[in-house]
Amino acid sequence: MILELKNIEKSFGEKKVLTGVSFTAEGGKAFGLLGRNGAGKTTSIRILMNVFPANSGEVLIDGKPIDYNKVGIGYLPEERGLYPKKKIIEQLTYFAELKGMSKKDAVKAVDYWLGRLGMTEYRNKRLDTLSKGNQQKIQLVTALAHDPDIVILDEPFSGLDPVNAMLLKNIVKEQIEKGKIVLFSSHQMSYIEEFCDSIAIIKDGVIAISGDLHDIKRDYPRDRLLVRTEDTGKIIADFGSVCTKTDGGDLLIRLSDPSEKKAVMTRLVENYDIDEVKVFEPSLNDIFVEYAGDAAKED
């Protein structure tokens, strides 16, 4: 299954929010839709979910307009939307039925996911009696109970402790292995790097960069070396202003030309106590800062 947003335009009155937004996400892979608050991520997601229409452009599945009666979408929003005073089993079953499940199948699916998430004991509790992290897990059930084809996760790890974050990681991996399209929207770049093969960064309603994350990193000039060493002071004294320290205490050496890479590596290894030396590749956080930039508009 291939999902495409193609040339999406959206305005609210005189305010243009999206301008020609296009990206592609594939089944069996995770895709990261990134941007600062107000850049247009939420509007893009809502158009994808058919919450409201685009002014122009298309949402396609395998090259054809998406049929929302046949393609299931599960959504975990950043802003939680469940009822705090209602019993958990009642509202989870209700939401699953809204997605087309029978009452019997809905209860069965909800109970499965409550068990999977270690939440069975809260089945008949009110939502407002749970911690923030457990409320997040209950919200996740609404996104998965109806076994959707497309899973959209907006800040999915927010409020989760490390144990529950690992549990969610395993569930996300299972969804990907089942061939589903998993779309992440998050400011936690480490999770995006861990899961996503491809990304799109949106800025002021326009896609600033998109594509395979590995290829994006490889396209950066390979003119810096990252050095981990105990001889930091000696190397700085010898190499001078081309050296800078990273936040982690390693050295970053800028080459005048990428062709110098081998010679400089050899010089380092032969003359200093080097633990590791490699070509520097930007992190996703570096890429995000470069392309998201400046202040964004309201979403």
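Check the entry above for the structure.
Scoring rules and cut-offs
- Residues numbered from 1 in each chain as written.
- Predicted model: local features only at pLDDT ≥ 70, side-chain atom pairs only at ≥ 80, totals over all residues.
- Heavy atoms only, no water.
- Helix = DSSP H or I, 4+ residues; strand = E, 2+ residues; numbered from the N terminus.
- Buried < 20%, exposed > 50% of the residue type's maximum accessible area, 1.4 Å probe, protein only.
- Contact = heavy atoms within 4.5 Å.
- Lys, Arg positive; Asp, Glu negative; His and termini not counted.
- Charge placed at Lys NZ, Arg CZ, Asp CG, Glu CD.
- Core = buried A, V, L, I, M, F, W, Y, C linked by side-chain atoms within 4.5 Å.

Broken down by element type, the protein carries 10 helices and 14 strands. Along the first, second and third principal axes, the C-alpha atoms of the protein reach 70 × 45 × 30 Å. Looking at the protein residue by residue over its 299 residues, the buried ones come to 45%. Taking as baseline every contact in the protein between residues at least 6 positions apart, the subset at least 24 positions apart corresponds to 69%. Seen as two clouds, the 42 positive and the 47 negative side-chain charges of the protein have centres 6 Å apart.

So, on to unusual backbone geometry. The backbone of Asn50 sits at a positive phi, close to 70 degrees, despite the residue not being glycine. Inspection of the secondary structure assignment puts Asn50 in the loop between helix H1 (41-48) and strand E4 (56-61). Overall, Asn50 belongs to the partly exposed group, its relative accessible area being 46%. Phi is positive for Asp147, which is not a glycine, with a value near 55 degrees. For Asp147, the location among the structural elements is in the loop between helix H4 (132-144) and strand E7 (150-154).

Turning our eyes to something else, we now look at the nonpolar core. Ile138, Phe184 and Ile199 are the most contacted members of the largest nonpolar core, which totals 50 residues. The element best represented in this core is helix H5 (residues 162-177), accounting for 6 residues. Not counting the four nearest positions on each side in its chain, Phe184 is found in contact with Ala30, Phe31, Gly32, Leu33, Leu153, Pro156, Phe157, Val172, Ile192, Phe195 and Cys196. Formed by 28 residues, the second largest nonpolar core is a distinct cluster that contains Ile61, Ile66, Val71 and Ala200.

Shape descriptors only; they carry no functional weight alone.
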